[in-house]
Structure formats: C-alpha cells, structure tokens
Amino acid sequence: MNDYKIYFVPTPIGNLYDITLRAIDVLKESDIIACEDTRESYKLLNHYSINKKLISYHKFNESTRSDELIQMAIAGKKISVITDQGMPGISDPGHVLIEKCIDKKIPYTVLPGASSILTALVASGFDNSEFSYYGFIPKKNKDKKIYYKKLENETKTSILLDTPHNIENTIKDFKVLFPERKLAIARELTKIYENILIKKISEILIDDIILKGEMVLILEGGKIKKNEIKDIEDEIKYLIKSGKKTKEISKYLSKKTGISTNEIYNYIINNKL
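The following refers to the structure shown.

Cut-offs used in this document
Residues numbered from 1 in each chain as written. Predicted model: local features only at pLDDT ≥ 70, side-chain atom pairs only at ≥ 80, totals over all residues. Heavy atoms only, no water. Core = buried A, V, L, I, M, F, W, Y, C linked by side-chain atoms within 4.5 Å. Buried < 20%, exposed > 50% of the residue type's maximum accessible area, 1.4 Å probe, protein only. Helix = DSSP H or I, 4+ residues; strand = E, 2+ residues; numbered from the N terminus. Contact = heavy atoms within 4.5 Å. Axes fitted to C-alpha atoms, helices over the stretch in contact; angles between N-to-C directions. Parallel < 35°, antiparallel > 145°, perpendicular 65-115°, else oblique. Left-handed = near helix turned anticlockwise from the far one by under 90°. Nonpolar A, V, L, I, M, F, W, Y, C, P; charged D, E, K, R; others polar. Polar contact = N/O pair within 3.5 Å; in protein donor to acceptor, adjacent residues only side chain to side chain.

Now for the nonpolar core. By size, the foremost hydrophobic cluster in this structure holds 18 residues, and its most contacted members are Leu 151, Leu 160, Phe 174, Leu 183, Ile 185, Ile 209 and Leu 217. Of all the elements in the fold, those that place two or more residues in this core are helix 6 (141-152), helix 7 (167-177), strand 8 (182-187) and strand 10 (215-219). Excluding anything up to four places from it in sequence, Leu 217 contacts Ile 137, Ser 158, Ile 159, Leu 160, Asp 162, Ile 167, Thr 170, Leu 183, Ala 184 and Ile 185. Counting 16 residues, the second-largest nonpolar core is a separate cluster that includes Ile 33, Cys 35, Leu 45 and Tyr 48.

In structure tokens form, the structure reads like this:
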C-alpha cells in the first residue's frame, strides 16, 4: 500500500464478486478493518480469506469511533473502512471520519467500486446528464413534507432510497404528487432475484412490487411549465458557454422541460444569448 493511513473501501452491494482486486489487496494489508456489522462483514472477508481485526463503526458510534481511528492512524496503523454494502460515506458511515482526516491532515484515499445508487440510475434509462441524490425518504410526516416539496420542484432525475416497510405509503403519496412522472424501483441489485420495475407512477400497483430487500427509487424529473421559459435562461447560458450549439441545446432542454424545441431555439436567437 502507499502512504495512506485510512482507506475507504467499497464492498459488493449483493454479488460477492463485485469487488476490485485492489480492494481485496487493501483489506488484506490493513491492520484494522472498521465495519458497520461484523456479522455482515465476515461473509465477505471469509469468502476472500481475509482475517483481520474488526472494530465496529456505525451511525451510533461514528463520532467517537472516528476520533479513535484517527489516533490509531497517527500511531501508524493502516485502517480500512467498509460498510455492509456499497460506498462508505453515502447514506452510510464514513463522511464524519473523512472530515476529521481533512481537519487533522491524516492521509486517506477512497477506492472506486460498487454503488447501488449509480447502478440503479443507469439501469432506469432516465436522463442522467444531471441528477440529484436525496437519500432515504423520511419517516416523520414533518420531514417528509419538506422532502416532497423539494422533489416537486426538482427537474433533474432524482435518486431516493426506501424500505419494503415504507414503499406502499411512498407510492400512495407519489400518485397524488407526481402521477405523470415515471418511477424506477430497483431492488436486490446484483443478486439472484434482482428486479427493476419501470412505470408511470399512476400505473403502478402495490402488487407489482415485491416487498423485500433494499430499494433504490429513480424518479423522473418534473417538467417546467411553458410560461416559465425564463427560468431556464441560466442553464441556456451555461450550455452556450460550454460550447453547445443552439440546436443541440434546444433539443436537450425540450426533452428535459417539455418546452418545444422551436420555442427554446427562438428564445435563444431573439434574446441573443
């Protein structure tokens, strides 16, 4: 390994073979592996004959444990941080420790690897030239209202996380709020029973959904109303500055907003943008 002290190592989101050779080498050469659930991590580590000291690192002890890991790193230990599945630091422990590494000038690196949110996004077939990540749908009604309000105003494709226990309520809410948008429900990604349902929200039935396993939801972006073309002027200017041609911009934004290609084209020409 290089001179890094702490390694953030992505782990498979289902299929145990979805791990890089580098990740395996890093885990084998680490002095300590910090993980969410030792029982879950042992499944992966035993599969690759990795026998290292494990310590718990989860959302309930993340703050204090991060300080301990920093001290271990200062003492010369090589540390790997993993979560139950996927990339540490995204809706999983890791972010707090990275902040402290930056603050204390502790060398660290993040390995590339499996990610359920990107896998689901690509599989949905929705526009991914721009997208937003919103994390888990809140349980409390007060928090949920704020969360939904953001989604109502979101024109980009959105990535959300949900649970089998909450998905029925989510679909009911979405049918009221976004009946005409499309939704992709990806579950058990990379596993034997992987399933991706893609439908207009108004057409989704609860019976269509298998209520089991972690779920990633990909929500189609909302359309900007025709009389709000001025709202996309900043984006038009950005695309022009990026070197995009007027026809290309018009077609792209028409697909994204529902405003006709000709209207956008004429707006650009008439306003000399």
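Still more to cover.
The next subject is the packing of helix 6 against helix 7. Packing of helix 6 against helix 7 leaves a shortest axis separation of 12 Å and a crossing angle of 45°. In terms of orientation, helix 6 and helix 7 fall into the oblique class. Considering the relative orientation of helix 6 and helix 7, their crossing is right-handed. Of the residues in helix 7, those in contact with Lys 144, Tyr 148, Leu 151 and Glu 152 of helix 6 are Thr 170, Asp 173, Phe 174 and Leu 177. Per-class residue counts for the contact of helix 6 with helix 7 are 4 nonpolar, 1 polar and 3 charged.

This part covers the environment of Glu 62. The residue Glu 62 is located in helix 3 (residues 62-74) in this model. Using a relative accessible area of 11% as the deciding quantity, one classes Glu 62 as buried. Expressed as a C-alpha distance, the spacing of Glu 62 and Val 96, which sit 34 residues apart in the sequence, is 7.1 Å. For Glu 62, the residues in contact, after removing those within four places along its chain, are Tyr 57, Pro 93, Gly 94, His 95 and Val 96. One polar contact links Glu 62 to Tyr 57, side chain to side chain, over a distance of 3.3 Å. Here Gly 94 takes part through its backbone nitrogen, which lies 2.9 Å from a polar atom of the side chain of Glu 62.

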